[in-house]
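Geometric and topological summary
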Amino acid sequence: MAVVGLGKNNVGVCGAENWDTSKENIRQAVSAGCQLLQDLEVSHVEVDGCGDAQSAAEGAILGLFHYDQFKSKKKTKVTAQLHGSADLAGWEKGVTYAEGQNLARLLMEAPANHITPTAFADAIEEKLTPHGDRVIIKKRSQSWIEEQQMGAFLSVSKGSEEPPVFLELHYNGSPDSKQPPLLLVGKGVTFDSGGISLKPSASMDAMRADMGGAATVCASILTAATLKLPINIIGLAPLCENMPSGKATRPGDVVTAKNGKTIQVDNTDAEGRLILADALCYGHTLNPRAIVNVATLTGAMDVALGSAAAGVFTNSDWLWEQLHRASVVTGDRVWRMPLFQHYTKQVTDSQLADVNNIGKHSRSGGACTAAAFLKEFVTAPHWAHLDIAGVMSNKDEIPYLRKGMSGRPTRTLVEFAAGLAHSA
């Protein structure tokens, strides 16, 4: 038996921390107990609901996740269930939320030679198969991408031997089939070497998780389908590798996006914004009620906020409030960042094209200039860009996530979608 302390009783939402401290304490305590029992090779654990069975389930399932797919010596697989039946529905909901995040962790942690663009799309298709009555999956090939004139996306993929895939998921959960969908767009660079603007070799292996945006978006849609949320959601994931070769885009090249805007590519390692630009242009044709794109976009975001919160850049106060409210519940926090014209001027002042893929003052405000670049491809009144580079991985900051790729902010995206579904 593992006994854990939950801290002060009924502390609730903390304005300074921007989360529900009671829920977070339960997640941390339950995960600590489960991990201890796992280390003792206990294979089945019954967990007390702690007054909030959903948070207890999240702590247990997230805490027990361990990526050892390619190790011959595996950690003990532990099954966790609720002790008693006081709030079985809350427990099952928490398990579903956590399993969604664990799927994103699984995809992000996997080596890039195992999760190629094609393998990623196939893995998502397999996971969504049980929900075939509500989910339509379209795996678009390079020829379709070319027909759509997605020149920015193709400029990134062309340096790799792996063909790009444009993955499109339609979850039809609303009783009203004509309800405008929530559009989620995830950056899906399955390995990012930087291209000709090659990254330093130290820690380059972590760039297998540069498809974290696509992983969290797809995992969120699977979770929404499992929960049968009464909402329509479309997910888009432009999937490719960014590799150097004789075919790769060169710094200074000019490419044309789907909306006709020309882009001067001064840094081939600022590639995520290029593939998102075309995905956002395409997404507008689907008449969404709101657009949220998610991307491990900039190292500058990590410098700004570290792993405490994902940065949110948005043109909509309403959308910000929805995302922020969801993050307080999940403890996977978001923080609003500026979309000033100050930054727009730095990306639209381009020597050769309409826009430049990096700000003219180089590293200054890098996360903000990246967001300003994306804004050039958005006309929708409710759009938010989540830069999740800082929350991509976990060292020891979040106690209920082991060291490794985090799968954040999957639960916040699910809670956000659930909020929209129930306010419709």
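Scroll up to find the structure.
Now for a description of the structure that goes with this document. (Residues numbered from 1 in each chain as written. Predicted model: local features only at pLDDT ≥ 70, side-chain atom pairs only at ≥ 80, totals over all residues. Heavy atoms only, no water.)

Here the focus is the pairing of strand E12 (residues 290–295). Taken across its six residues, E12 has six buried, putting it largely inside the fold. The alternating pattern of E12 places Ala290, Val292 and Val294 and Ile291, Asn293 and Ala295 on opposite faces, both of which are buried. In terms of strand pairing, strand E7 (residues 182–186) meets E12 through five bridges, oriented parallel. In the strand pairing of E12, Leu184 is matched with Val292. Bridging between E12 and strand E16 (residues 383–387) involves five bridges; their strand directions are parallel. Of the residues in E16, the one forming a bridge with Val292 is Ala384. (Buried < 20%, exposed > 50% of the residue type's maximum accessible area, 1.4 Å probe, protein only. Helix = DSSP H or I, 4+ residues; strand = E, 2+ residues; numbered from the N terminus. Pairing = 2+ DSSP bridges.)

This part takes up empty space enclosed by the protein. Scanning all chains against the criterion turns up one cavity of 30 Å³ or more. Size it by volume and the largest cavity reaches roughly 70 Å³. As for the largest cavity, its lining consists of Ser155, Val156, Gly195, Ile196, Asn242, Met243, Ala248, Thr249, Val265, Thr268, Glu271 and Leu274. Partitioning the lining of the largest cavity into residue classes produces six nonpolar, five polar and one charged. (1 Å grid on protein atoms, 1.4 Å probe; cavity = no way out; pocket = protein on both sides within 12 Å on 5 of 7 lines; lining within 4 Å. Points joined across faces, edges and corners; volume = space filled by probe spheres on them. Nonpolar A, V, L, I, M, F, W, Y, C, P; charged D, E, K, R; others polar.)

Core analysis: the biggest nonpolar cluster contains 64 residues, and Phe120, Leu167, Tyr171, Leu182, Val292 and Leu386 have the highest contact counts within it. With nine residues, helix H7 (residues 212–227) is the largest single contributor of residues to this core. Setting aside residues no more than four positions away along its own chain, Leu167 makes contact with Phe120, Ala121, Ile124, Ile137, Lys138, Lys139, Cys218, Gly235, Leu236, Ala237 and Leu239. Judged by nonpolar contacts, the second largest core, of 49 residues, contains Trp144, Cys240, Tyr282 and Leu374. (Core = buried A, V, L, I, M, F, W, Y, C linked by side-chain atoms within 4.5 Å. Contact = heavy atoms within 4.5 Å.)

Another point: the layout of surface pockets. A volume near 1200 Å³ is recorded for the largest pocket. What lines the largest pocket is a set of 44 residues, among which Lys199, Met207, Thr298, Gly299 and Ala300 lie closest to the centre. Elements that contribute at least two residues to the lining of the largest pocket include exactly helix H8 (272–284), helix H9 (299–305), helix H12 (366–375), strand E17 (393–394) and strand E18 (404–405). The element best represented in the lining of the largest pocket is H9, accounting for four residues. Looking at side-chain class alone, the lining of the largest pocket contains 13 nonpolar, 16 polar and 15 charged residues. Computed from the structure, the second largest pocket encloses a volume of approximately 630 Å³. In this structure, the second largest pocket is lined by 25 residues; those nearest its centre are Ile61, Phe65, Glu99, Asn102 and Leu103. Breaking the lining of the second largest pocket down by element, the ones donating at least two residues are helix H2 (53–64), strand E4 (79–82), helix H3 (88–109) and H7. For the lining of the second largest pocket, the element with the most residues is H3, which contributes six residues. By residue class, the composition of the lining of the second largest pocket is ten nonpolar, ten polar and five charged.

Under the definition given, this model contains 22 salt bridges. Here Glu109 and Arg208 are joined by a salt bridge, their closest N and O atoms 2.5 Å apart. Of the two residues, Glu109 is situated in helix H3 and Arg208 in the loop between strand E8 (188–192) and H7; the sequence distance between them amounts to 99 residues. Judged by relative accessible area, which is 14%, Glu109 ranks as buried. For Arg208, a relative accessible area of 16% gives the class buried. Taking the shortest distance from any N to any O, the salt bridge between Asp122 and Lys139 comes out at 2.7 Å. Linking Asp122 in helix H4 (residues 117–128) with Lys139 in strand E5 (residues 135–140), this pair joins segments that are 17 residues apart in sequence. Owing to a relative accessible area of 35%, Asp122 belongs among the partly exposed residues under this scheme. A cluster of three or more residues bridged by salt bridges with shared partners is formed by Glu24, Arg27, Glu58 and Arg411. (Salt bridge = Lys/Arg side-chain N within 4 Å of Asp/Glu carboxyl O.)

One pass over the structure, following the stated rule, counts seven aromatic pairs. Between Phe373 and Phe377 the ring centres are 5.2 Å apart and the planes differ by 45°, which places this aromatic pair in the tilted class. Overall, Phe377 belongs to the buried group, its relative accessible area being 4%. Counting every residue linked through ring pairs, the aromatic cluster contains Trp144, Phe153, Phe166 and Tyr282. For the cation-ring pair, Arg333 lies above Trp19, with the distance from its terminal atom to the ring centre recorded as 3.9 Å. (Phe/Tyr/Trp six-rings, centres within 6.5 Å; stacked < 30°, edge-to-face > 60°. Lys NZ or Arg CZ within 6 Å of the ring centre and 35° of its normal.)

By way of backbone hydrogen bonds, the strands of a sheet pair with one another, either parallel or antiparallel. Taken in spatial order, the three strands make up an open sheet running E10-E11-E15, and their pairing is mixed. Single-partner strands in this sheet number two, and they are strand E10 (253–256) and strand E15 (355–356). The pairing of E10 with strand E11 (residues 262–265) spans four bridges and is classified as antiparallel. Within the sheet, the bridge partner assigned to Thr256 lies in E11 and is Thr262.

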